Every structure is written in structure tokens, then in C-alpha cells.
Amino acid sequence: MNLTFCPYEKEVRQLMARGQWPDACPPELRTHVSSCRTCGDLVLISEAFQHARVESLAAARPVAPAVLLWRAQLRKRNAAMERIARPLLGAQIFACAVALFAALGFAGFEARSGVAWLTWSYWHDWFVQLPQAAAAQWASLSSASLAGSTWTWMVLVPALATLVLLGGAVVYVATDKQ
Amino acid sequence: MAPTDKRTRMSWEFALTHVWAGGSKEAAGAGISDPAMENEVFAGFYERSARPLWAYLARSSADPALADDLMQESYVRFLCAEGAPVLARDGEAAARRYLFRVATNLLRDHWRRPRTASIEEIPEEFFAASGHAAQTESQILLAPALKQMKPRERQMLWLAHAEGYSHREIAQVMGLSAASIRLLLFRARRKIAALLRACAADDGRKS
């Protein structure tokens, strides 16, 4: 299709934009429009669209601007909440991974003593002996010098730190949800 | 945090300061600092731009209900966007162009989405349009012609002939080059002119 532009097109467009078509239009231009396809198309289409625009403007029922402002505020708030929650999700995944590794480590360690730990009586004995074992461990921990029990501290300190961090995260999430 | 401070923070006037400024300090500095005034500025802008935007969406989509939804979504996105023009700094024309661009993208997304329409989803006006008595002149001629145009052609024609946008402005709204718009608009104009003449001839024969 050839792009054929008429030199009068701009003038016709300006007259239409100013609302001067066809009343305030020079007669020679009107004669030109009736014989020029480009200008004729322009007038036909512009008039149809302008009428349609006037009708559509009258048909529009926009909501109150406060509703949109409120919705925008809500959406921004939700987006901000999502941004805040993203690191917490990471912490939760980390906590789950640590717990999983601990469980697997424990299972692996206990598996060395056979499959006895899978029985009920094994766990019953373990729970019964737990307070005594813990007291003995605590006593040895408190009496031993720091240099002598470095390995114990290396395990205990990160474990406590993890517990504190996770506890803090859990408290934060709980209060935030409320 | 003091109670008064908290109350201020929870009010939507407070949030608007950040929303309207696009969340950036730079924009906030260039914009208006008084929230009440911001509300008034937005309300004024909305008053002037909502109906033309609705008309554009309704005529491009031929679905008034969809136009309602997309118009609200356009304003919400406009208010939430980080890079949206600030009225006090960039002017209303830029804000309006941005708004039309958002609406154009939403329309495009809507058309791209595969969906099936149930009978409940079809607007009542669609059925009402079958009664010639209630139809206006432009509905009789323009609506059937627009229906035969491609969505992008409808958008371009509306922006050019109803909104009076230049090729450059249409290019900004539609995300195309001005040279492409010039060619596409030329073709679309030829096509719709032929359809309008055919519709007018049909209408003349029927009456």
C-alpha cells in the first residue's frame, strides 16, 4: 500500500481539533475534502470517533478517587510486607535444613549401635536416663576448664545461637501475624 | 512510636505521600509535600482523565465491564509504580500518556490470556445493541466497523482520532516506533473508512 499524504491534511485536522469544521472552513478547502480521498477519510473517521467519544464520556461511571487511593495504599503495603517476609522465609528454610541434618546425623549415629534404637524399650530407657545423663554432662561441663573441653563449647555455642535466632524469628513472625 | 505518629502513619493520606511520590525521596522532593493537597491534585487529575480513559478502554475492548475493571487497575498501577510520572514535576500530559500506556498493556495482557466467556460475562449492552431504536448514530456506524478491526488498530485509531494524539505520543503509549505508527495508522484509517462507508451504504439500503 502506498503512503499518500495530502498537503491539506494537517489543516483539516487542525480545523477539526478546534471544532471549526465545517462551519468556519474556507469553501475551497471544503471542495478539496469532497474530492480528496485522504482528507475525506480523515473527516469521516474523525467525526465518527468524536461522536463516539462524547457518548462514551457520558456513559462512563468512574468510582470515587479515594477508593483507588485506598487500593493503591493496600497494594503497596502488601508488597512491602512481602519484601519483609522474604528473609524470614529464608530463615525458616535454614531452620528446617538444620533440623533435618540434625535428625539425619542423630539417626546415623544411633544406627551404629544396630537397629535396637527402633524398639520401644530402647526409647523408654533413654528417656528415663536422660535427666541423669544431662546432669552428669552439665557437671562435667561446668567443672572442666575451657581449654580442656573446647569441643563441647564448639557444639554448645552454635546450638544455643541457632536456638536464640530461631526463637527470635518465631516470636517476630507470631507477633507480626497478630 | 508515639500514638499520634502511629495514627498518621496508618492513615491513607500518609501513605499517599509515598504512593504519589513513587516511593522515592527524589520524587517526593520534586512533588508536593502536603498530603491533603496531593489528594486534591489526584482527584482533579482523576476527574479529568478517568472518562477519556474509560472511553478508550470501552471502545477498544467493546466491553464496558472490562473497561471498568481495567480503568481501576490502571490507576492503581499508576499510583503504585516506582517510575510513574509525578504530576507536579512531569505535568498532566505525561501522566496521562503513562496512564494510557498502562491501560494499553493491560488490554494486551487481557487479549493474550486464553479464556472462554460464559453467557453471564457478556455485557448487557452487547444484547441491547441489537435494538436499532436505542442505538445512536455512532453506535450504528462505528461499532460494527470497529468490531472488524484488529485490537491494535482500534487502539491506534481511538488515540489518533478521539484523543487527538500525535504519532509520537501514540508510539509512546503503544510501545512502538513513530514510523511504524505512521504506516499502521495509515492502513487502519483506509480500512475503517471503507468499512464505515460500507456500513453507511447498508444502513441506507435498509432504511
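Conventions we followed
Positions within a chain are numbered from 1, following the residues in the order the chain's sequence is written. Key to labels: chains lettered from A, ligands numbered from 1, both in the order written. In keeping with the model being predicted, local features are shown solely for residues with a pLDDT of at least 70 and side-chain atom pairs are shown and tallied solely at 80 or more, while totals for entire chains, interfaces and linings include all residues. Runs of E in the DSSP output that reach at least two residues are strands. Runs of H or I that reach at least four are helices, and both are numbered from the N terminus. Think of it as a crowd count around each C-beta: if 20 or more other C-beta atoms lie within 10 Å the residue is buried, if 12 or fewer it is exposed, and in between it is partly exposed, with C-beta placed from the backbone throughout. Whether two residues are in contact depends on their C-beta atoms, placed from the backbone: they are in contact if these lie within 7 Å. For the purposes of this analysis, a nonpolar core is taken to be any set of buried Ala, Val, Leu, Ile, Met, Phe, Trp, Tyr and Cys residues that are connected through C-beta atoms within 7 Å. Nonpolar residues are Ala, Val, Leu, Ile, Met, Phe, Trp, Tyr, Cys and Pro. Charged residues are Asp, Glu, Lys and Arg, and all others, Gly as well, are polar. Helix span is expected to be 1.5 Å times the residue number reduced by one. Along the chain, pLDDT gives the predictor's confidence residue by residue, from 0 to 100. Angular values range over 0 to 180 degrees, each being the angle between N-to-C directions of two axes fitted as lines to C-alpha atoms, with helices fitted over their stretch in contact. Oblique is the label for any angle not covered by the other classes, which are roughly parallel (under 35 degrees), roughly antiparallel (over 145) and roughly perpendicular (65 to 115). The handedness criterion is simple: a crossing whose near helix is rotated anticlockwise from the far helix by less than a right angle is left-handed, and one whose near helix is rotated clockwise is right-handed.

**Concerning the overall build of chain B**
Along chain B, the regular secondary structure elements total 12 helices and 0 strands. Along chain B, from the amino end to the carboxyl end, the secondary structure elements read α-α-α-α-α-α-α-α-α-α-α-α. In chain B, which comprises 207 residues, the share counted as buried stands at 33%. If you take every contact in chain B between residues at least 6 apart in sequence, the share linking residues at least 24 apart comes to 62%.

**Quick look at the overall build of chain A**
When you go through chain A residue by residue, the secondary structure sums to 6 helices and 0 strands. Going from the N terminus to the C terminus, chain A shows its helices and strands as α-α-α-α-α-α. Within chain A, the proportion of its 178 residues that are buried is 11%. Counting only contacts in chain A whose residues sit at least 6 apart along the sequence, the fraction spanning at least 24 positions is 54%.

**Quick look at the nonpolar core**
Residue and element names in this part refer to chain B. The biggest cluster of nonpolar side chains holds 56 residues, and the ones touching the most others in it are Leu 53, Leu 57 and Ala 103. The biggest single contributor to this core is helix H4 (residues 35-61), with 9 residues. Setting aside its immediate chain neighbours within four residues, Ala 103 contacts Leu 53, Tyr 56, Leu 57, Leu 70 and Ser 74.

**Overview of the interface of chain B and chain A**
Size of an interface: often given as the accessible area lost when the parts come together. Across the boundary between the two partners, chain B contributes 38 residues, which contact 28 residues of chain A. Contributions of two or more residues to the side of chain B that touches chain A are made by helix H2 (12-20), H4, helix H5 (64-80), helix H9 (137-147), helix H10 (151-162) and helix H12 (178-206) of chain B. Here the side of chain B that touches chain A gets 10 residues from one element, more than from any other, and that element is H4 of chain B. Tallied by class, residues from the side of chain B that touches chain A come to 27 nonpolar, 5 polar and 6 charged.

**Here we look at helix H7 (residues 92-112) of chain B**
Compared with an ideal rise of 1.5 Å per residue, which puts 21 residues at 30 Å, H7 of chain B spans 30 Å between its outermost C-alpha atoms and is within 8% of the ideal. Along H7 of chain B, the positions that sit buried rather than exposed are Arg 96, Arg 97, Tyr 98, Leu 99, Phe 100, Val 102, Ala 103, Thr 104 and Leu 107 of chain B.

**Brief notes about the confidence of the model for chain B**
Residue and element names in this part refer to chain B. Per-residue confidence for chain B gives a mean pLDDT of 77; residues scoring 70 or more make up 69%. Low pLDDT, under 50, characterises residues 126-134; the stretch is placed with 4 contacts to residues that sit more than four places away or in other chains. Across the whole predicted complex the pTM is 0.65, and at the interface the ipTM reaches 0.71.

**Quick word on unusual backbone geometry**
With an omega of 0 degrees, the peptide bond between Trp 21 of chain A and Pro 22 of chain A qualifies as cis. Structurally, Pro 22 of chain A can be placed in the loop between helix H1 (9-17) and helix H2 (27-35).

**Details of the packing of helix H3 (residues 37-59) of chain A against H10 of chain B**
The contact between H3 of chain A and H10 of chain B brings their axes to 9 Å, and the two run at 90 degrees. Our classification of the angle between H3 of chain A and H10 of chain B gives roughly perpendicular. Between H3 of chain A, through Ile 45, Ser 46, Phe 49, Gln 50, Ala 52 and Arg 53 of chain A, and H10 of chain B, the contact on the second element is made entirely by Leu 157, Trp 158, His 161 and Ala 162 of chain B. Its residues assigned to classes, the contact of H3 of chain A with H10 of chain B shows 6 nonpolar, 3 polar and 1 charged.

**Describing the confidence of the model for chain A**
On average, chain A scores 79 in pLDDT, and the residues at 70 or more come to 83%. When the elements of chain A are averaged for pLDDT, helix H6 (residues 150-177) of chain A gives the smallest value, 69, and H3 of chain A the largest, 90.

**Remarks on the environment of Leu 184 of chain B**
Examined against the element boundaries, Leu 184 of chain B turns out to sit in helix H12. For the pair formed by Leu 184 of chain B and Leu 157 of chain B, sequence separation is 27 residues and the distance between their alpha carbons is 9.7 Å.

**Section: the packing of helix H4 (residues 65-111) of chain A against H5 of chain B**
Direction vectors running N to C along H4 of chain A and H5 of chain B enclose 55 degrees, while the axes themselves pass 9 Å from each other. In this view, H4 of chain A runs oblique relative to H5 of chain B, as classed from their interaxial angle. In the crossing of H4 of chain A with H5 of chain B, the sense of the turn from one axis to the other is right-handed. Side by side, H4 of chain A and H5 of chain B meet where Leu 68, Leu 69, Arg 71, Ala 72, Arg 75 and Lys 76 of chain A of the first sit next to Gln 72, Tyr 75, Val 76, Leu 79 and Cys 80 of chain B of the second. Split into classes, the residues belonging to the contact of H4 of chain A with H5 of chain B amount to 7 nonpolar, 1 polar and 3 charged.

**Some details on the environment of Cys 39 of chain A**
Residue and element names in this part refer to chain A. Along the chain, Cys 39 turns up in helix H3. When the 21 C-beta atoms within 10 Å are taken as the criterion, Cys 39 is described as buried. On a C-alpha basis, the gap between Cys 39 and Pro 7 in space is 9.5 Å, while along the polypeptide they are 32 residues apart. Not counting chain neighbours up to four residues away, the residues in contact with Cys 39 comprise Cys 6, Tyr 8, Glu 9, Val 12, His 32 and Val 33.

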